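# Observations on chain architecture
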Amino acid sequence: MPLQTERIPFANAPATAADTKSDGIPRLGYGCWNLPNEQAADLVYGALEAGYRHIDSAAIYGNEKEVGEGINRWLKATGTPRSEIFVTSKLWLNSKRAENVARGLTKTLDDLKLEYLDLYLIHWPGSLEAGQNFDGSAAIPQDDKGFPIRDYGADEEDTWAALEAQIPQKVKNIGIANYTKSEIEDLLKYAKIKPSSLQVECHVYLQQKDLVAFAQSKGIQVTAYSPFGGLNPTYGGTTEVVSDPLVQSLATKHNTTPHGIVLSFLISRNIVPIPKSVTKYKENFDSIVKLDADDVKALEGADKGKRYNDCSEMLGYIFFKDEKSSEQILTQIAKAGLTRAQAKVEHLVGK
Ligand SMILES: NC(=O)c1ccc[n+]([C@@H]2O[C@H](COP(=O)([O-])OP(=O)(O)OC[C@H]3O[C@@H](n4cnc5c(N)ncnc54)[C@H](OP(=O)(O)O)[C@@H]3O)[C@@H](O)[C@H]2O)c1
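Just so it is clear, the structure is predicted and the values come from calculations on it, not from any experiment.

The rules behind the values
Residues numbered from 1 in each chain as written. Predicted model: local features only at pLDDT ≥ 70, side-chain atom pairs only at ≥ 80, totals over all residues. Helix = DSSP H or I, 4+ residues; strand = E, 2+ residues; numbered from the N terminus. Contact = placed C-beta atoms within 7 Å. Axes fitted to C-alpha atoms, helices over the stretch in contact; angles between N-to-C directions. Parallel < 35°, antiparallel > 145°, perpendicular 65-115°, else oblique. Nonpolar A, V, L, I, M, F, W, Y, C, P; charged D, E, K, R; others polar. UniProt positions renumbered as here; feature names shortened; annotations may be inferred. Left-handed = near helix turned anticlockwise from the far one by under 90°. Domains from an automatic or database assignment. Buried ≥ 20, exposed ≤ 12 C-beta atoms within 10 Å, placed from the backbone. Pairing = 2+ DSSP bridges.

### Remarks on the environment of Trp74
Looking at the secondary structure, you find Trp74 in helix H2 (residues 64-78). When the C-alpha atoms of Trp74 and Val44 are compared, they prove to be 8.6 Å apart, with 30 residues separating the residues in sequence. What Trp74 contacts, discounting residues up to four positions off in sequence, is Tyr45, Leu48 and Glu49.

So, in structure tokens, the structure goes:
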């Protein structure tokens, strides 16, 4: 079995997952954010054909119907059992009220035309006003000034309990994305089923060493989104991570691409990268190499703590606040249109 499809067992897998292969996550995944709707089905089909066995989807990406079409077409064409592939999706912020969790999940399963997910993640901490639609069309409700409309009535503990209730029929494992260490610590206080997985931005310039060590110490497997740093056009499309001279020289040394080096580095840390590509998905799958201990050490020294994805202002919740100065937090509060009372609810400001 190639390394890319080998599974990392979930230390926190619910007991019920043990009868399926979903008690582990393949070491490489295919990211579906920004796959154009008209191509997504063929791309997902092509990715499975190229060897990926792990698909990373989300309701907010607005392409789950097409992603599901690609998955189902490939399963049928190849006669592969559903249990051979691993599918993740994510609960959007407008579905966080306990009574809406099942609606968000049902919509995702209906769109994907799958009976169950291997992993269902809470997409971000915080919550937005629930719309009537759970398909992303009311994904970021805005007030008449264009500020996001938060939902302070959605309780994180109730959301988690509602996710736990979906196991094992509709979901084999549950987890979180974009949570900080302190947010995970809060969750662990009330979780009856511990998160199997944490998905965060992670790459050579944002190695998240403390967070990864903390998560792994709690049995929480870590998945890396945006493994190429700022290369996603939504972040400006900078090539700085893959053009880093160290990454380039290691690509030459190992006769692979710079993209292959940054993916292989994550894999060497027991972290699962989920690169997205319309044009190079096969090349990326084939680009994985075994790095030497010296290469890994050198890459560890290239960390810059540089984050490309922070939607605090767009979603009205101050993410990653542990790593921000109070000045930065105040600026983001103003840009997100939060009132002082709202900021106090989440302990962003004092009395
Ligand atoms: N949980 C979350 O909040 C969250 C947030 C962000 C992302 N994600 C997940 O993580 C996945 C990956 O992250 P991402 O989409 O932000 O970024 P990414 O995978 O780091 O980068 C994608 C960009 O890299 C380009 N690319 C990929 N391979 C390449 C290669 N070998 N040579 C040249 N260019 C290459 C792609 O271009 P082409 O497509 O044109 O080939 C695309 O523009 C997402 O699709 C999504 O599933 C999750």
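### A look at the packing of helix H7 (residues 245-254) against helix H8 (residues 258-268)
Helices that pack against each other are described as a pair by the angle of their axes relative to one another and the distance between those axes. The contact between H7 and H8 brings their axes to 8 Å, and the two run at 95 degrees. Looking at the two axes, H7 sits roughly perpendicular to H8. Where H7 approaches H8, its residues Val247, Gln248, Leu250, Ala251 and His254 are matched on the opposing element by Pro258, Gly260, Ile261 and Val262. In the contact of H7 with H8, the residues fall into six nonpolar, three polar and no charged.

### Thoughts on the UniProt feature "site: Lowers pKa of active site Tyr" (unreviewed entry) in the protein chain
Under the local residue numbering, the UniProt record ascribes the feature "site: Lowers pKa of active site Tyr" (unreviewed entry) to Lys90. Along the chain, the position of Lys90 falls in strand E5 (residues 86-91).

### Structural notes on the packing of helix H3 (residues 98-112) against helix H4 (residues 156-164)
H4 packs onto H3 with a crossing angle of 45 degrees between their chain directions and a minimal axis gap of 8 Å. Considering the angle they form, H3 stands oblique to H4. Between H3 and H4 lies a crossing whose hand is right-handed. Taken together, the residues of H4 that come into contact with H3 (itself represented by Ala98, Val101 and Ala102) are Asp158, Thr159, Ala161, Ala162 and Leu163. Within the contact of H3 with H4, the residues separate by chemical class into six nonpolar, one polar and one charged.

### Section: the domain arrangement of the protein chain
Assigned domains within the protein chain: domain 1 (3-306) and domain 2 (310-350). Computed from C-alpha atoms alone, the centre-to-centre distance between domain 1 and domain 2 is 25 Å. Taken together, the contact pairs 15 residues of domain 1 with 11 residues of domain 2. Along the lines of polarity and charge, the residues of the side of domain 1 that touches domain 2 split into eight nonpolar, four polar and three charged.

### Focus on unusual backbone geometry
Of note, the amide linkage connecting Ile167 to Pro168 takes the cis form, showing an omega dihedral of 5 degrees. Mapped onto the fold, Pro168 is located in the loop between H4 and strand E7 (174-177). A positive phi angle, close to 65 degrees, is found at Asn178, a residue other than glycine. Tracing the chain through its elements places Asn178 in the loop between E7 and helix H5 (181-190). On the basis of neighbour count, Asn178 is assigned to the buried category, with 23 C-beta atoms found within 10 Å. You will see that Asn255, though not glycine, has its phi angle at about 55 degrees, which is positive. Tracing the sequence through the fold places Asn255 in the loop between H7 and H8. By the C-beta count within 10 Å, which is 8 here, Asn255 ends up exposed.

### As for the sheet that holds strand E10 (residues 272-273)
Here eight strands make up an open sheet; going across it, the order is E3-E4-E5-E6-E7-E8-E9-E10 and the pairing parallel. What marks the edges here is a single partner per strand, and that holds for strand E3 (30-31) and E10. Of the strand pairs in this sheet, strand E6 (residues 119-122) and E7 are connected by three bridges, and their pairing is parallel. Of the residues in E7, the one forming a bridge with Tyr120 is Ile174.

### What to know about the environment of Ile220
In this structure, Ile220 sits in the loop between helix H6 (209-217) and strand E9 (221-225). Since 23 C-beta atoms lie within 10 Å of it, Ile220 is described here as buried. What Ile220 contacts, discounting residues up to four positions off in sequence, is Asn12, Pro195, Ser197, Leu198 and Ala215.

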